[in-house]
Amino acid sequence: MRICVLVAMHMHSFIELSKLFEEKFNSRHFPEQPETLYNPAQYILNLGGKRIRPVCVLMGNQLFNEIDPDAYNAAAAIELFHNFSLIHDDIMDKAPMRRGMETVHTKYGESTALLAGDVMFVKAYEYLNKIKLAQLQKVLYLFNNTASAVCEGQQLDMDFENRETVSMDEYVYMITLKTSVLVAASLKLGAILGGAGEGNHLYEFGKNLGIAFQVQDDYLDAFGDPEKFGKQVGGDIVANKKTFLMIHAFETAKPAQLSELKELIKTNPADKVEKVMQIFRDCKVDDWAKELKNIYLQTALKHLEDTAVLSVRKKPLQELADYLMMRES
């Protein structure tokens, strides 16, 4: 009589996978010279961060199989691309701080920051080029489409700054491109390398989780603890960003509040952040944002539930969703 022994595969948690990724990624990725170019590129990587997107590659991979070495190459490419986009975003947003430290352009100048970002994008393709040929075409197709979408989202974000009003649907579309497709694509890249099929439910899980993540980010920008948040609190207000909070305030403010809000955006007084925050509180946008975040989170979890793998394999992704929604930074 043949006896079948099923060995349960150990499912790594987000924290465990973060450590595994850091062990492989925490090295110098650039040549020594010219140090005026490569040191600024390495600088932003050394600031750390939560590494959510590259770890999502590993999580998408282990959902379907044991972690393939190529998943680390794809994860490194995603992290390099993400940091490239952060350097450029910070220039466009005139942001002074990132992860509690000076932004690259503040420390090294805008021209150097642009080049440092560009060389990171090139380095991302070096990592992708290490992936086995059998998977490379699918990986490149998804990576390139995602990279284009992120750039489109950033342009829409800047376009919105010059408009008095933006609809909630327009903002969600922009955020989907700028933020959430990278989370979704990271999971799907891992799934592709794990031999999965279409992975559409997993992609939708990542997309909706990414939108919930942005709602939380917009919320923390206004209502977060500056010491924990690591960025300038009220930075979105200063930059006249059309965030979830600002759009909802425009949609729900009383005529006098709406008039004041428009005036504050036009005139940029010294106490602008305090006054806009008071309108936010009066319109209860903080409570509304928490509810909206939960709607997207529940949609994400439903797609994860519908992903055709054993429930036990999905547990790390459920824990990741909880972790992201509880964050304060």
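Please refer to the structure higher up on the page.
Residues numbered from 1 in each chain as written. Predicted model: local features only at pLDDT ≥ 70, side-chain atom pairs only at ≥ 80, totals over all residues. Heavy atoms only, no water.

Colleague: Help me out: how do you make sense of the pattern of salt bridges in this one?
Modeller: Any two side chains of opposite charge can pair, given that their charged atoms come close. Counted by the stated rule, this structure contains 17 salt bridges. Put simply, Arg28 and Glu32 hold a salt bridge, and the shortest N to O gap is 3.6 Å. Residue classification places Arg28 among the partly exposed positions, given a relative accessible area of 32%. The exposure class of Glu32 is exposed, given its relative accessible area of 51%. Between Asp271 and Lys275 there is a salt bridge, with the nearest N and O atoms lying 3.4 Å from each other. On the basis of relative accessible area, Asp271 is assigned to the partly exposed category, the value being 27%. Each of Asp93, Asp157, Glu161, Lys178 and Lys241 takes part in salt bridges that share partners, so that together they form one network. (Salt bridge = Lys/Arg side-chain N within 4 Å of Asp/Glu carboxyl O. Buried < 20%, exposed > 50% of the residue type's maximum accessible area, 1.4 Å probe, protein only.)

Colleague: For this particular structure, what's the right way to read unusual backbone geometry?
Modeller: Backbone geometry follows two general trends: most residues other than glycine have a negative phi, and most peptide bonds adopt the trans configuration. Along the chain, Gln33 connects to Pro34 via a cis peptide bond; the corresponding omega equals -5°. By the element assignment, Pro34 lies in the loop between helix H1 (14-25) and helix H2 (35-46). The backbone of Arg51 sits at a positive phi, close to 55°, despite the residue not being glycine. The residue Arg51 is located in the loop between H2 and helix H3 (52-62) in this model. Not every positive phi belongs to a glycine, and Lys94 is a case in point at roughly 55°. (Helix = DSSP H or I, 4+ residues; strand = E, 2+ residues; numbered from the N terminus.)

Colleague: Looking at this structure, I do not really get helix H14 (residues 272-282). What am I missing?
Modeller: Owing to its 3.6 residues per turn, the α-helix aligns residues three or four sequence positions apart on the same side. The complete set of buried residues in H14 reads Lys272, Val276, Met277, Ile279 and Phe280. Down the axis, H14 shows its buried residues gathered within 160° of arc, on one side only. Directly beyond the C-terminal end of H14, a positive phi value near 55° is found at Lys284. (Arc of directions from axis to C-beta.)

Colleague: What should I look at first to understand the packing of aromatic side chains in this one?
Modeller: Here a ring pair, both rings aromatic, is described through the centre-centre distance and the interplanar angle of the planes. All chains considered together, the criterion is met by twelve aromatic pairs. Centroid distance Phe21 to Phe25: 4.9 Å. Interplanar angle 20°. Geometry classified as stacked. Here Phe21 pairs with Phe25, and both are found in helix H1, just four residues apart, close to one helical turn. Chaining the aromatic ring pairs together yields one cluster made of Phe81, Phe84, Phe121, Tyr125 and Phe143. Seen from the ring of Tyr72, Lys24 lies directly overhead, with NZ or CZ sitting 4.8 Å from the centre. (Phe/Tyr/Trp six-rings, centres within 6.5 Å; stacked < 30°, edge-to-face > 60°. Lys NZ or Arg CZ within 6 Å of the ring centre and 35° of its normal.)

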